[in-house]
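Residue-level structure breakdown
Take a look at the letters that make up each chain.
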Amino acid sequence: MGLFTRRKTVVVDSDILVIGGGMAGCGATYESRYWGRDLKIVCVEKAHIDRSGAVAQGLYAINTYMGMQWGENQPEDHVRYARNDLMGLVREDLGYDIARHVDSTVHKFEEWGLPIMIDPETGQYQREGKWQIMIHGESYKPIVAEAARKAATKVYNRIMVTHLLMDKTKANRVAGAVGFNVRTGDFYVFRAKAVIVAAGGASHIYKPRAVGEGMGRTWYAPWSSASAYALPILAGAKMMQMENRIVLTRFKDGYGPVGAYFLHLKTYTENAYGDEYESKWYNHTKELVGDYIDKLPVPTCLRNHAILEEIKAGRGPIRMVTKEAFQDPHKETVGWENFLGMTIGQAVVWASQNIDPKHTNPELTTSEPYVMGSHATCSGAWASGPEDCAPSEYQWGYNRMMTIDGLFGAGDTIGGAAHKFSSGSFAEGRIAAKAAVNYVSDMGKDQPMVSETECEDLKKTIFQPMENYAVGRNEIVAGTVSPSYILPIQGLQRLEQIMDEYVGGISANYITNEPLLTRGLELLDMLNEDLNCLGAEDLHQLQRAWELRHRTIASECVTQHTMFRTETRWPGYYYRADHPKLDDTDWHCFTLSQYDKDSRKWDMEKVPVHHIID
Amino acid sequence: MFTSNPFADLTVFLPPLAMQIYIVLMIFAVIIGTLFDMLHKSSAKFFAWQLKKSKAAATRKLSGADTASIAIKTIAIEVATSGEFCNQKRRISHMLMFYGFLFYLITTIVMIFGYPTQAIPTPVFLPILWNIGVLMILIGGYWFFFFLRVNVAHDGQPLFRLVLADLFIVSLLSSVTFAFIWEIVQAVGNLMATKVTFGIYIFCTTLLFGSVRWSKLAHMFYKPVVAFQRRLEEATGSSSLPTPSTHNKRN
Amino acid sequence: MPTFVYMSQCDGCGECVDICPSDIMHIDPTHRRAYNIEPNFCWECYSCVKACPQNAIDVRGYADFAPLGHSVRVLREEAKNTISWKIKFRDGREKNFESPIRTTPWGSIKSPSDYEVPNQNAFKTQELAHEPESLNIKELPKLTPNKPKQGIV
């Protein structure tokens, strides 16, 4: 801010506000327009919609496609698959709902121009595995963004949303959101009748393996700053299964994808001595989780578990046997293009270390934990399900509406719907959008109103870190060490260390227990206080500051949930050393939390898991 | 006003030799500034090293004729039409400033050395060309400054927060703006005002040519060299970039 | 693998600043050209590399684990709807790849508003836009569970 300029406030009114322009956000924007021809649909994105979100570099496969048109799979098959993979605990209604809509979503992608590989023998989409089809998806995101841009009244790029706004006339109803322009520093107030949160899940809440430049090579995008969780948490929405963090086994250092390798190239893993190891751990795993080890395919977490045990026994590193498969030139091309269309960094790592899978079997590693809702994991907000199949306990209003009226979610934001991936997230955005359009039309004249005072207060709060820095900077000569403010990177490193050491990160071998979790909460509490002393030198740092804020509250939620569930449901993702076994008697249920931001209290509860598919 | 040689009219208070010496000093300042910049930053060593790397990575040999044609292309495209700019507006604004500066500079030198006093009448096209040059610089330059600077237009920086990269454009614009103001003031006839505006003009011009070491002026020489090297790399196959796809334009 | 910008090739157009999903490509105040301000937040998504009209941006593998001497460069040709890659190993081996990126012209997606307005009944059903036609099956699958199995609370 100059000496003579005041910070500008921009007010944007809309019927439906979509927060986040990733796969889910683009789906929500597109579908909102289809059903709401005359509505004002606004999409707000902190980066640029053409390459924002987890699909920035592209994808090489669409991991959720039924193939109903060819009788390949039915939605209930997918529900069983996701349920097995998540050790029994998924929202079957939400999963069924996404699975039945995902095919039409994928067909639209093809119509729009996404190159889907075709199996030359069958003429059908080239399957990578039972659920996955292969694509040339380098431009997946720009194509999908084009559809959203055609639908939206306006897309706002480079605006970071920091808080939701609640209705001042009616309790527990959303009225919009606030944020700031990352380029100009303008304060933005979005007033909306319905809000669809389609922001990113949580990367960078645990200390990553590489801590220098390599910190950037997280498995999940580093710009997924847990806004999907922080926004609803702070508004008081109920969250589910936030303890269900995911750990991924991927190629060393680059965290490159292994799906195409396992499924299409038919590669397999072995320990450092060239031996098969997974079967060795069968009995041991069975003692921990019972019959769940007998599910096929073996649940993701249990495959991780075998790797972790093998490494602990001193027989690492685990390698992917590629030498055989890569002799086939077609498979070799797929093996490399798999990275180029999705995780280019892995190609860079191999090129830098002279690793050619034709001659070397590359190393695998297990990642640091991530919390998100669209992969082999389903943390997120607790949402109402589809009217035709959700059990009554899972339905209180519009589909994908959270426990706050008018607040919808899609993608990483919504919990319980595991294995939705990119196509499922887009489909869920569409589901939420249709519901939101109905909600808006049913609302009639009774529209939410934002509080001017709340907006003024939030304006001050949002820009406080810049004030802290400008004033506090006078205290020291130069450098990064100040007794009065912390830089966003400093806060992030502290958060990542707390989570790593106390809530089951890599340095703890993913193990935690109640004493550790208790201490973790104490440290998180102090960090939360210190966040009031964040110092942001410029608008970029201000964005980092708010990303940290979102990550921290999400981490507190994760820790509370991890404390609450006194069992080890997903060995291979994390372990409660004080409750090392799976306990279906007491814990075949969802964990729910609700946060009160004034008292800083977390209300935890159990909710039954209803199985609607046999 | 715009058809008389403003430098000849200076002789009322300034001997013509002064301006001639000044021109020579400014030329020296640019040469020394560029040389110093190159030495201090080891730019010459860097270019030589790049050339060596390209030669080593080359997969094709180029004939003398090929090399010459590349040189000509570079001059025709990068130098003559500011081809290095992919953004059309910047390209046009740069060309306005570049050619404007050429007109302005050359006519200045011709007028100061060829027609130093009012004794020999200056052909009218010279001051007209001088003014055209001045106008082109001002139009291209102010357009660039207010609307096209990438740190303002794309990176959100406030318009008047000046950074080191602005040294060149600010000194150029202030120099040429005061050239214009001085010319008008001098034509109107107030001696004191003329001396003051002329003084500011000279000050800004000295800043422009004296700050070569820190401004971007030296890039006037680096950029064509680099463009030439790049085309060479493409032609000799030493570029690390993939070859363009041979697919016909789809759609 | 963080990105870096070649000084002599960047003309300061700002495309990379506009596209970077991480907000880390910014303009250097001395040269008015782009550079990566925060390599430890670079995902090496190559968005900036692909967006640069001058091919002035390249990637050097993360210092934590990538030895020098490698090169992974890309040419994204939107007019041809192709993308080409050239990978150079540290030991000099080279691999080249080319893939399609899109099968339709850019800008050709039909806006949802250009479809017929859905009739009132359609709003309260489970069918999303273009369903059931775009499912390529007769109708949208539905469930009517009678007695959902209860989990233990």
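Since this is a predicted model, take the numbers as computed values, not measurements. (Residues numbered from 1 in each chain as written. Chains lettered and ligands numbered in written order. Predicted model: local features only at pLDDT ≥ 70, side-chain atom pairs only at ≥ 80, totals over all residues.)

Our next topic: the sheet that holds strand E6 (residues 82-88) of chain C. In spatial order, the strands read E5-E6-E7 (chain C); together these three strands make up an open sheet with antiparallel pairing. Either end of the sheet is taken by a strand with one partner, and the two such strands are strand E5 (71-77) and strand E7 (94-100) of chain C. Between one strand and the next, the sheet's axes are offset by a mean angle of 10°, whatever the strand orientation. With seven bridges joining them, E6 of chain C and E7 of chain C adopt antiparallel strand pairing. In the strand pairing of E7 of chain C, Trp 85 of chain C is matched with Phe 97 of chain C. On the sheet, helix H9 (residues 329-340) of chain A packs against E6 and E7 of chain C and is oriented at approximately 70° with respect to E7 of chain C. (Pairing = 2+ DSSP bridges. Helix = DSSP H or I, 4+ residues; strand = E, 2+ residues; numbered from the N terminus. Axes fitted to C-alpha atoms, helices over the stretch in contact; angles between N-to-C directions. Contact = placed C-beta atoms within 7 Å.)

This part takes up the interface of chain B and chain C. Contact with chain B, which involves 23 residues of that partner, is made by 33 residues of chain C. Elements supplying a minimum of two residues to the side of chain B that touches chain C: helix H6 (150-153) and helix H9 (219-236) of chain B. A total of three residues in the side of chain B that touches chain C trace back to one element, the largest contributor, which is H6 of chain B. Per-class residue counts for the side of chain B that touches chain C are 12 nonpolar, seven polar and four charged. (Nonpolar A, V, L, I, M, F, W, Y, C, P; charged D, E, K, R; others polar.)

Our next topic: the interface of chain A and chain C. Much of the literature gives interface size as the accessible area that the parts lose upon coming together. Facing 81 residues of chain A, the contacting portion of chain C comprises 72 residues. Mapped onto the side of chain A that touches chain C, the elements with two or more residues apiece are helix H1 (23-35), helix H3 (92-112), helix H4 (140-151), H9, helix H10 (344-352), helix H11 (421-443), helix H15 (539-564) and strand E19 (601-608) of chain A. Per element, the largest residue contribution to the side of chain A that touches chain C is eight residues, and it comes from H3 of chain A. Classifying every residue of the side of chain A that touches chain C gives 34 nonpolar, 27 polar and 20 charged.

Now for the nonpolar core. With 242 residues, the main nonpolar core has Ile 19, Ala 148, Val 195, Ile 196, Ala 436 and Ala 554 of chain A as its most contacted residues. Setting aside its immediate chain neighbours within four residues, Ala 436 of chain A contacts Ile 16, Ser 32, Ala 194, Ile 196 and Phe 408 of chain A. Core analysis: the next-biggest nonpolar cluster, separate from the first, contains 26 residues, Leu 10, Leu 96, Met 111 and Val 134 of chain B among them. (Core = buried A, V, L, I, M, F, W, Y, C linked by C-beta atoms within 7 Å. Buried ≥ 20, exposed ≤ 12 C-beta atoms within 10 Å, placed from the backbone.)

On to the sheet that holds strand E14 (residues 380-381) of chain A, then. Residue and element names in this part refer to chain A. Read across the open sheet, the four strands follow the order E14-E9-E18-E19; overall the sheet is antiparallel. The strands lining the two open edges of the sheet, one partner per strand, are E14 and E19. With two bridges joining them, strand E9 (residues 239-240) and strand E18 (residues 589-596) adopt antiparallel strand pairing. Residue pairing for E18: Met 239 is matched across the bridge by Ser 593. Seen against the sheet, H15 touches E9, E18 and E19 and runs at an angle of roughly 135° to E18.

On to helix H12 (residues 452-472) of chain A, then. Residue and element names in this part refer to chain A. Counted at 1.5 Å a residue, the expected span for H12 with its 21 residues is 30 Å, and the 29 Å between its end C-alpha atoms agrees. For H12, the complete set of buried residues consists of Leu 458, Ile 462, Pro 465, Met 466, Asn 468 and Tyr 469. Those residues of H12 hidden inside the fold are in contact with strand E6 (159-166), strand E7 (174-181), strand E8 (187-197) and H15. (Expected span 1.5 Å × (residues − 1).)

Residue and element names in this part refer to chain A. It is the contact of helix H13 (residues 488-502) with H15, at a shortest axis distance of 9 Å, that shows an interaxial angle of 20°. Taken together, the axes of H13 and H15 lie roughly parallel to each other. Seen from above, H13 lies across H15 with left-handed handedness. For the pair H13 and H15, contact is made by Pro 488, Gly 491, Leu 492, Leu 495 and Met 499 and by Gln 541, Arg 544, Ala 545, Leu 548, Arg 551, Thr 552 and Ser 555, respectively. Broken down by class, the residue content of the contact of H13 with H15 amounts to six nonpolar, four polar and two charged. (Parallel < 35°, antiparallel > 145°, perpendicular 65-115°, else oblique. Left-handed = near helix turned anticlockwise from the far one by under 90°.)

All names here are of chain A. For the pair helix H5 (residues 227-235) and H15, interaxial distance at closest approach is 8 Å and the crossing angle is 75°. In terms of orientation, H5 lies roughly perpendicular with respect to H15. Counting all contacts with H5, which are made through Ser 227, Tyr 229, Ala 230, Ile 233 and Leu 234, the residues of H15 involved are Arg 549, His 550, Ile 553, Ala 554 and Cys 557. Classifying every residue of the contact of H5 with H15 gives seven nonpolar, two polar and one charged.

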